[in-house]
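Each chain, letter by letter, is given below.
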Amino acid sequence: MFNQPPPFEDVNLFNSDAALQEAVRRAGGDVQALERFGATAGSGYMLEQARLANENPPQLRLFDARGCRLDRVEYHPAYHELMAASTGQGLHCERGVERAAAFYMAAQMEAGHCCPVTMTKASVPVVRQNPAIAEAWLGRIFVRDYDPSFRPAAEKRAVTIGMAMTERQGGSDVRANLTEAEPAGGGEYLVTGHKWFMSAPMSDAFLVLAQAPGGLSCFFMPRFLPDGTVNAIRLQRLKDKCGNRSNASSEVEFDRAHAWLAGEEGRGVATIMEMVTLTRIDCAISSAGLMRFGLAQALHHCSHRIAFQKKLIDQPLMRQVLADMTLDQEAAVALVFRLVRAFERSGEDEAEAAFARIMTPAVKYWVCKALPGFAYEAMECLGGNGYVEESPMARLFRESPLNAIWEGSGNIMCLDVLRAASKSPDAFAALLDQLQSAAHGEPRITAAVARLRDRFAKPAGLEADLRHVVESLVHAVAASLLRVSGPAAIGDAFIASRLDGGFRRTYGILPGADIDAILARALHSR
Ligand SMILES: Cc1cc2nc3c(=O)[nH]c(=O)nc-3n(C[C@H](O)[C@H](O)[C@H](O)COP(=O)(O)OP(=O)(O)OC[C@H]3O[C@@H](n4cnc5c(N)ncnc54)[C@H](O)[C@@H]3O)c2cc1C
């Protein structure tokens, strides 16, 4: 056999990603720890676990041989290996830039298991809202360990937490929830109703939205009750999903299931939003990671495959495609790490808090929306090899739309940007000022910021225009970030094509760009 690329395995996902390294260094992160995780996440062994976990999806076991309810999901051992690797790195409980960098690599290792990892991490601010629950549970969340056993949390080394908001009649519009919570005294409630999506149903507890006498409220629902009996959480079936196969997503019924209030009664949406804000950031981080995975596969194939007497990576048109993809990948990395830094500083810096509030939905929108088209283009770079199941590209392609759908679909994200900007017009104006000064006189960024100011000054028709406006905002922020990070060729080409270019539907349209410099950065490995 000749002219087939070697397998893509045992690639250090940190050392081979210049944009990621730069983002981590800029934030003063611990590079050595990330190098170690990059080696694990990119190892042939873990990539094989990823394949196994997806080809052997979780199985629902509703009853035992005697007809007793089990309500359990069985996973392939490979899934547990992935979970152990990510929780061992603290991805379910740590925060900050290093955790974001490792999560970005964990998504490349295998995306499905990231769902319970991110939900557990994001549950922390909500768990803290009930001191008794925080006291009993946080110690088992903040441990770099994984314990998938089906036992009361008190007997376990480590726990994971899920969430159940979506019902048949309303997912984005959770105020349409019908599930009821009846007070049972002493802060306890009995929850009855049906949830249309509840992922990671083997979690040790769930944050659940339900209608209490005081309105929609957020509850903490453990899998086992304090007396050691199993709570009335009745799994109904598992979703047969387009992708995300290693992760179980269930339909579930609560039959007077016991739960405890988290936050105030009637403030359920505000309470759960503390969790959802964090899962939204993780959606963007993992989509950025998956972009890198697709790009790395494309670069690898094109660096080895010869067609028409030349390596594909030396064919002028393929170079345009790969360089154009690199620009979106670089923008995604710059945006998500800027967002993580803003989030980390938001406690003590109002401007950073405003940036995080406005840019979380905007970045989630843009990065997650960009991924499916990107994954498709990466797949095409591999030709027919990209379209077969032995290649990881088919899995990437099926996974790629999901981050845009859950945790607030595209339009909902755009509406959230508008809500944040309208609620705090001064903060939004300050963000545009910040952007303007970061432009350092670059006329195309300055013009983009002026257009945004104008558009927000005229509210008529703004809602219908939001996709355009949010994309323009993200492009302007990404342009200002790329101008000061990485090679100038990347910032210049991004500005020329995204801020100043005409309509485009595909990758490979970068007239006048310094393609050699852009690809040198994409291929850089140390
Ligand atoms: C694999 C998977 C796992 C999931 N796991 C969980 C889970 O663990 N827990 C959980 O609670 N949920 C989960 N979900 C549900 C997910 O969060 C919802 O599907 C999502 O929030 C969208 O809600 P919906 O499906 O009801 O769609 P809808 O709310 O009906 O929205 C449909 C479309 O309409 C758009 N739309 C809605 N309102 C407007 C508007 N005002 N203007 C313009 N457009 C609008 C939306 O953007 C979307 O594109 C999961 C979903 C999937 C696919």
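None of these values were measured; they are calculated from a predicted model. (Residues numbered from 1 in each chain as written. Predicted model: local features only at pLDDT ≥ 70, side-chain atom pairs only at ≥ 80, totals over all residues. Heavy atoms only, no water.)

### Quick word on the packing of helix α14 (residues 425–438) against helix α15 (residues 443–457)
Geometrically, a packed helix pair is captured by the angle between its two axes and the distance between the axes. Condition: Angles here are taken between N-to-C directions and fall from 0 to 180 degrees, while the axes themselves are lines fitted to C-alpha atoms, restricted in helices to the stretch in contact. Counting from the N terminus, the helices are DSSP H or I runs at least four residues long and the strands are E runs at least two residues long. Under this scheme an angle from 65 to 115 degrees is roughly perpendicular, one under 35 degrees roughly parallel, and one over 145 degrees roughly antiparallel; angles in between are oblique. By definition, turning the near helix anticlockwise from the far helix through less than a right angle yields a left-handed crossing, and turning it clockwise yields a right-handed one. By definition, residues are in contact when any of their heavy atoms lie within 4.5 Å.
Packing of α14 against α15 leaves a shortest axis separation of 9 Å and a crossing angle of 165°. Regarding the angle of α14 to α15, the classification is roughly antiparallel. The way α14 lies across α15 gives a crossing that is left-handed. Contacts between α14 and α15 involve F428, A429, L432, D433, L435 and Q436 from the former and I445, T446, V449, L452, R453 and F456 from the latter.

### Looking at the pairing of strand β6 (residues 205–212)
Taken residue by residue, a regular strand's side chains alternate between the two faces of the sheet. Just so we agree on the cut-off: Residue exposure (1.4 Å probe, protein chains only): buried if accessible area is under 20% of the type maximum, exposed if over 50%, otherwise partly exposed. Any two strands with at least two DSSP-identified bridges between them are counted as paired.
Within β6, seven of the eight residues are buried, which leaves it mostly tucked inside the rest of the structure. Pairing of strand β3 (residues 161–164) with β6, which is carried by four bridges, proceeds in the parallel orientation. Paired with A164 across the two strands is V208, which belongs to β6. Pairing analysis gives eight bridges linking β6 to strand β7 (residues 215–222), with the strands arranged antiparallel. Each bridged residue has a counterpart across the sheet, and for A205 the counterpart in β7 is P222. Between the antiparallel neighbours β6 and β7 lie two residues.

### A word on unusual backbone geometry
Phi is positive for D10, close to 50°, though the residue is something other than glycine. Tracing the backbone shows D10 in the segment before α1 (18–26). Taking the relative accessible area as the measure of exposure, D10 reaches 58% and is therefore exposed. Positive phi is not limited to glycine here, since E407 has a value of about 60°. Within the element layout of this structure, E407 appears in the loop between α12 (402–405) and α13 (410–423). Note on E407: relative accessible area 15%, which makes it buried.

### Side note on the environment of E9
The topology assignment puts E9 in the segment before α1. E9 sits in the partly exposed class, given a relative accessible area of 41%. Sequence separation between E9 and Y45 is 36 residues, and the spatial gap between their C-alpha atoms is 8.3 Å. The contacts of E9, once residues within four sequence positions are left out, are G42, G44 and L47.

### Let's talk about the packing of helix α6 (residues 114–127) against helix α7 (residues 131–141)
Stated formally: Charged means Asp, Glu, Lys or Arg here, nonpolar means Ala, Val, Leu, Ile, Met, Phe, Trp, Tyr, Cys or Pro, and polar covers whatever is left, Gly included.
Following both chains from N to C, one finds α6 and α7 inclined at 160°, their axes separated by 11 Å at the closest point. Judged by the angle between their axes, α6 and α7 are roughly antiparallel. In the packing of α6 onto α7, the handedness of the crossing is left-handed. Along its contact with α6, which presents T120, S123, V124 and V127, the element α7 presents I133, A134, L138 and I141. Of the residues contributing to the contact of α6 with α7, the split by class is six nonpolar, two polar and no charged.

### Notes on the site of the ligand
Rules: We call a residue near a molecule or strand as soon as one heavy atom of that residue lies within 4 Å of the molecule or strand. Pairs of N or O atoms within 3.5 Å make up the polar contacts considered here, provided that, within protein, one atom can donate a hydrogen while the other can accept it, and that residues adjacent in sequence are counted only when both atoms are side-chain atoms. The Shrake-Rupley method, run with a 1.4 Å probe, gives the accessible areas here. Residue values count only the displayed protein chains as cover.
M165, T166, G171, S172 and S199 are the nearest of the 20 residues found near the ligand. Backbone polar atom of M163 to a nitrogen atom of the ligand: 3.0 Å apart, as the coordinates give it. Backbone polar atom of G171 to an oxygen atom of the ligand: 2.9 Å apart, as the coordinates give it. For the ligand, whose free accessible area comes to 980 Å², the fraction covered by protein is 67%. By residue class, the composition of the shell around the ligand is 10 nonpolar, eight polar and two charged.

### A closer look at the packing of aromatic side chains
The test is simple: Between rings of Phe, Tyr and Trp, where Trp is taken as its six-membered ring, a pair exists when centres lie within 6.5 Å; planes separated by under 30 degrees are stacked, by over 60 edge-to-face, and by other angles tilted. Criterion for a charge above a ring: Lys NZ or Arg CZ within 6 Å of the ring centre, and within 35 degrees of the ring normal.
Evaluated as defined, the whole model comprises nine aromatic pairs. Judged by centre distance (6.3 Å) and plane angle (65°), the rings of Y104 and F337 are edge-to-face. In this pair, Y104 sits in helix α5 (residues 96–109) while F337 sits in helix α9 (residues 316–345), placing the two residues 233 residues apart along the sequence. F337 shares its class with Y104; the two are buried. Between K239 and the ring centre of W196, over which it is positioned, the NZ or CZ distance is 3.3 Å. The ring of F355 carries R338 above its face, with NZ or CZ at 4.1 Å from the centroid.

### Considerations on the environment of G185
With respect to the helices, strands and loops of the structure, G185 is situated in strand β4 (residues 180–185). Judged by its relative accessible area of 45%, G185 is partly exposed. As for G185 and T87, which are separated by 98 residues in sequence, their C-alpha atoms are 36 Å apart.

### Quick look at the side chain of R319
Note on placement: R319 falls in helix α9. Judged by relative accessible area, R319 falls into the buried class, the value being 18%. A polar atom in the side chain of R319 sits 2.8 Å from the side chain of D516. If sequence neighbours within four positions are ignored, R319 has contacts with I313, D314, I515, D516 and L519.

### Some words on helix α2 (residues 31–41)
This is how the line gets drawn: Summarising the geometry, the arc corresponds to the directions from the helix axis toward the C-beta atoms.
Along α2, the residues that are buried comprise V31, A33, L34, F37, G38 and A41. Buried residues of α2 fall within an arc of 155° about the axis and therefore sit on the same side. Turned more than 90 degrees off the buried face of α2, the exposed positions are Q32 and R36. Elements that come into contact with the buried residues of α2 comprise α1, α3 (44–55), α4 (77–88) and α5. Of the residues that open α2, the one with a side-chain oxygen 3.1 Å from the backbone nitrogen of Q32 is D30.

### Details of the nonpolar core
Counted only if it meets this: To form a nonpolar core, buried Ala, Val, Leu, Ile, Met, Phe, Trp, Tyr and Cys residues must be joined to one another through side-chain atoms within 4.5 Å.
In terms of nonpolar packing, the biggest core is built from 145 residues, with F254, M359, V367 and L473 touching the most fellow members. Setting aside residues no more than four positions away along its own chain, L473 makes contact with I358, M359, A362, V417, F428, L431, L432, L435 and L452. Counting residues in each nonpolar core, the second largest holds 33 residues, with V159, I161, L209 and V269 among its members.

### Examining the pattern of salt bridges
If charged atoms from side chains of opposite charge come close, those side chains can pair. The condition that has to hold: A pairing counts as a salt bridge when a side-chain nitrogen of Lys or Arg comes within 4 Å of a carboxyl oxygen of Asp or Glu.
A complete count under the given rule lists 33 salt bridges for this structure. A salt bridge links E182 to R256; the nearest nitrogen and oxygen atoms lie 3.2 Å apart. Here the residue E182 occupies a position in strand β4, and R256 occupies one in strand β9 (residues 249–262), the gap between them amounting to 74 residues. Judged by its relative accessible area of 40%, E182 is partly exposed. The partner of E330 in a salt bridge is R521, and the shortest N-O contact between them spans 2.7 Å. Taken as a pair, E330 in helix α9 and R521 in helix α18 (residues 515–523) lie far apart in primary sequence, 191 residues in all.

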